[in-house]
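Summary of structural features
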Amino acid sequence: MTIMGAAAITLLAVAAFSVRVFIDGDTNWHVAAGRWILSHMTVPATDPFSYTFAGKRWLAHEWLSEVFMASAYLAAGWAGVVLVIGLAAGLAFAMIALELRLWLGPVGQIIGLALAFACLEPFLYARPHIIAAPLLVFWTRQLLAARRQAKAPPLELALLMVPWANMHASFVFGLGVMGPFALEALIEEPDKLRTVRGWGFFGAVAAALSCATPNGFAGLIFPFQVFGMRILPNILEWRGATFQQPTLFEGALLVTLFLGLWRGVRVPPLRVALLVALVHMALQHIRQEAVLAVLAPLLLAEPMGRAFHPNLLLPRTAPPAGWKPTWRVPSIAVATALAVMACGVAAARLATPLVRTDNGNVPVTAFAHVPPELLTQHVLNEYAFGGYLIFKGVKPYIDGRADMYGDDFVAEYLAIAGGAQPDVDRAFKRWDIRWTILGPREPLVRLLDKTPGWKRIYADAFAVVQARTDSLNPPAAAPPSPQGTR
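Residue indices begin from 1 for each chain and proceed along its sequence in written order. Only residues with pLDDT of at least 70 are given local features in this predicted model, and only at 80 or more are side-chain atom pairs given and counted; all residues enter the totals for whole chains, interfaces and linings. Only hydrogens and water are set aside; all other atoms, that is, all heavy atoms of the structure, feed into the side-chain values.

**Let's talk about the overall build of the protein**
Stated formally: Elements are defined by DSSP. Helices are runs of H or I of four residues or more, strands are runs of E of two residues or more, and each kind is numbered from the N terminus. Residue exposure (1.4 Å probe, protein chains only): buried if accessible area is under 20% of the type maximum, exposed if over 50%, otherwise partly exposed. It only takes one pair of heavy atoms within 4.5 Å for two residues to be counted as in contact. Areas reported as accessible are Shrake-Rupley estimates using a 1.4 Å probe. Residue values count occlusion only from the protein chains shown.
Regarding its fold elements, the protein presents 18 helices and four strands. Classification of the 486 residues of the protein by burial places 52% in the buried group. For the protein, contacts bridging at least 24 residues in sequence account for 72% of all contacts bridging at least 6. When the accessible surface of the protein is summed, it comes to about 22,100 Å², and 66% of that surface belongs to carbon and sulfur atoms.

**So, the packing of aromatic side chains**
In plain terms, the rule: Pairing of aromatic side chains here covers Phe, Tyr and the six-membered ring of Trp, requires ring centres within 6.5 Å, and sorts the geometry by plane angle: under 30 degrees stacked, over 60 edge-to-face, intermediate tilted. Sitting over a ring, as applied to charges here, requires NZ of Lys or CZ of Arg to be within 6 Å of the ring centre and within 35 degrees of the ring normal.
If you walk through the whole model with that rule in mind, you get 23 aromatic pairs. Pairing Tyr 397 with Trp 431 gives two aromatic rings, centres 6.3 Å apart and planes at 90°, and the pair type is edge-to-face. With Tyr 397 in the loop between α15 (386-391) and α16 (402-417) and Trp 431 in helix α17 (residues 423-431), this residue pair connects regions lying 34 residues apart in the sequence. With relative accessibility at 0%, the residue Tyr 397 sits in the buried group. Through a chain of ring-to-ring contacts, three or more aromatic side chains come together here, namely Tyr 51, Phe 53, Tyr 397, Tyr 405, Phe 409, Tyr 413 and Trp 431. The aromatic ring of Phe 53 is capped on one face by Lys 56, whose charged end is 4.5 Å from the ring centroid.

**Considerations on the pattern of salt bridges**
As a reminder of what qualifies: For this document, the term salt bridge refers to a Lys or Arg side-chain nitrogen within 4 Å of an Asp or Glu carboxyl oxygen.
In the structure shown here, the tally under the stated rule is 20 salt bridges. Linking Arg 147 and Glu 189 is a salt bridge whose minimum nitrogen-to-oxygen distance equals 3.1 Å. Taken together, the residues span a long stretch of sequence, with Arg 147 in helix α5 (residues 128-148) and Glu 189 in the loop between α7 (171-188) and α8 (192-209) at a distance of 42 residues. Of the two residues, Arg 147 and Glu 189, neither departs from the other in class, the shared state being buried. Notably, a salt bridge pairs Asp 470 with Arg 468, separated by 2.9 Å at the nearest N-O pair. Taken together, the shared-partner salt bridges in this structure form one network comprising Asp 24, Asp 26, Arg 127, Glu 237 and Arg 287.

**Some points on the confidence of the model for the protein**
What counts here: Each residue gets a pLDDT score, which is the predictor's confidence in that residue and runs from 0 to 100.
Averaged over all residues, the pLDDT of the protein is 91; the fraction at 70 or higher stands at 93%. Predicted confidence is poor over residues 313-327, with pLDDT under 50, and the contacts of this stretch with residues over four places away or in other chains come to 39 contacts.

**Considerations on unusual backbone geometry**
In the segment running from Gln 421 into Pro 422, the intervening peptide bond is cis, with an omega of 10°. Relative to the elements of secondary structure, Pro 422 occurs in the loop between α16 and α17. One non-glycine residue, Ala 150, lies in the positive phi region at around 55°. Considering the arrangement of structural elements, one finds Ala 150 in the loop between α5 and α6 (161-165). The backbone of Asp 432 shows a phi angle near 50°, a positive value even though the residue is not glycine.

**Quick notes on the pairing of strand β4 (residues 464-468)**
For clarity, the threshold we go by: Each pair of strands is called paired provided DSSP finds at least two bridges between the two strands.
For β4, the tally of buried residues reaches four of five residues, placing the bulk of the element in the interior. Note that strand β2 (residues 435-438) and β4 share four bridges and pair antiparallel. Following the sheet pairing, Thr 436 is matched in β4 by Gln 466. Note that strand β3 (residues 454-459) and β4 share five bridges and pair antiparallel. Among the inter-strand pairings, Ala 459 is bridged to a residue of β4, identified as Val 464.

**Here we look at the pairing of β2**
Here β2 shows no split at all, with Trp 435 and Ile 437 on one side and Thr 436 and Leu 438 on the other all buried. Alignment of strand β1 (residues 379-381) against β2, held across three bridges, turns out to be parallel. The partner of Val 379 across the bridge, within β2, is Trp 435.

**Observations concerning the environment of Ala 415**
With respect to the secondary-structure elements, Ala 415 resides in helix α16. Note: C-alpha distance between Ala 415 and Leu 444 (29 residues apart in sequence) is 9.4 Å. Ignoring sequence-local partners within four residues, the contact set of Ala 415 consists of Ala 420 and Asp 423.

**A short note on the sheet that holds β1**
Heads up, the condition is: Angular values range over 0 to 180 degrees, each being the angle between N-to-C directions of two axes fitted as lines to C-alpha atoms, with helices fitted over their stretch in contact.
Across the sheet, which stays open at both edges, the four strands sit in the order β1-β2-β4-β3 with mixed pairing between neighbours. Edge strands, defined here as strands with exactly one partner in the open sheet, are β1 and β3. Each strand axis lies, on average, 15° off the axis of its neighbour in the sheet, ignoring direction.

Structure, rendered in structure tokens:
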């Protein structure tokens, strides 16, 4: 219980004070979307933010997480947002620690949590995937428990799909992991009809409840449509993993592989297939490393425990020996200490001013130098800057909602930012673009520097602001000379 509490407090503290929590530009439009929903008391069906897609269909599939984020922001500013993220991450890690505790001793639990943290920490952003992480962990633990008990999951578990499908697209992983467990049950359990009836009915109910969103069936197929977008390799989080430089993810994979080969860990074949699929997804798209980080410890806890402790070689349906698989209420002293530490972290975060600073996705200083008269005029912005513009009340050309803009529009934007002609002239004329805020390495920045009628207003290491000279207010005329003077 102490390790579980320490894991939760650690994740809360890391999220509360890490500079990486706000490194992603999409955080800003998520909060803005939540504010819009709270203000209008409805989930938007069309885009209310950009000027290029205004009024066109937008599938706001993470609206519930955005409401949580916006509520935290309205209550306590950005400190409130990081505390929500920290609480969610801490809760997820506490449940991972509970599963590890069923099968591993203290050293094994610490190693397992450290490896999971190594994979998750680079993605500990203030975004909906962290808020939904506890649901993914809880769901998978319940499926594992059902297999140990040789029965189908409790039907009430399927109700979890209702909030989950409205919070984040990771609910499809919840539906996906059911398949290997159900097939494993069908192979191993003697009563095939009972197994098909139990797992099949549970799966059907869960799939049906996942459509209980403002988007209905469209919300269920939405994640698969995103996976099929051609433009994904151009978006950083959708790129494949590379091992040209050492990473925590690579280290976690190698350590896990070493432990498995060293101790001869035996994993049931269908669970191996699930793990292989998760590793493949993490290598294909780096954003899926976070999914692997929370699921792999759950799937490997029992096999690792059996490999390192021969006395645990029991039928999978039997409880493990050596560690009781039941929840134990901590002593009053331990519970009090954990509560005091959690409150201390929260109080320290709320008491310490949280100042947003520049990074490659959030141009705080550059935006502050934009003349007020430009803010209501059409802008061409860096893809990653769109979220911050939305948060500040400026309608962007594009933002992180690539799923809404689609392959063709994003590809056209990339050509424009790359300074390709005639794409630049055509887009600037069509959209009457009056100013730009782009990364300093974009070829379009150099092109506009050479274009008559354009002026560079501000530049730093993260962003460059340029504008048409006829869009800027002329300087105030000098006051007339007093009469009688020359």
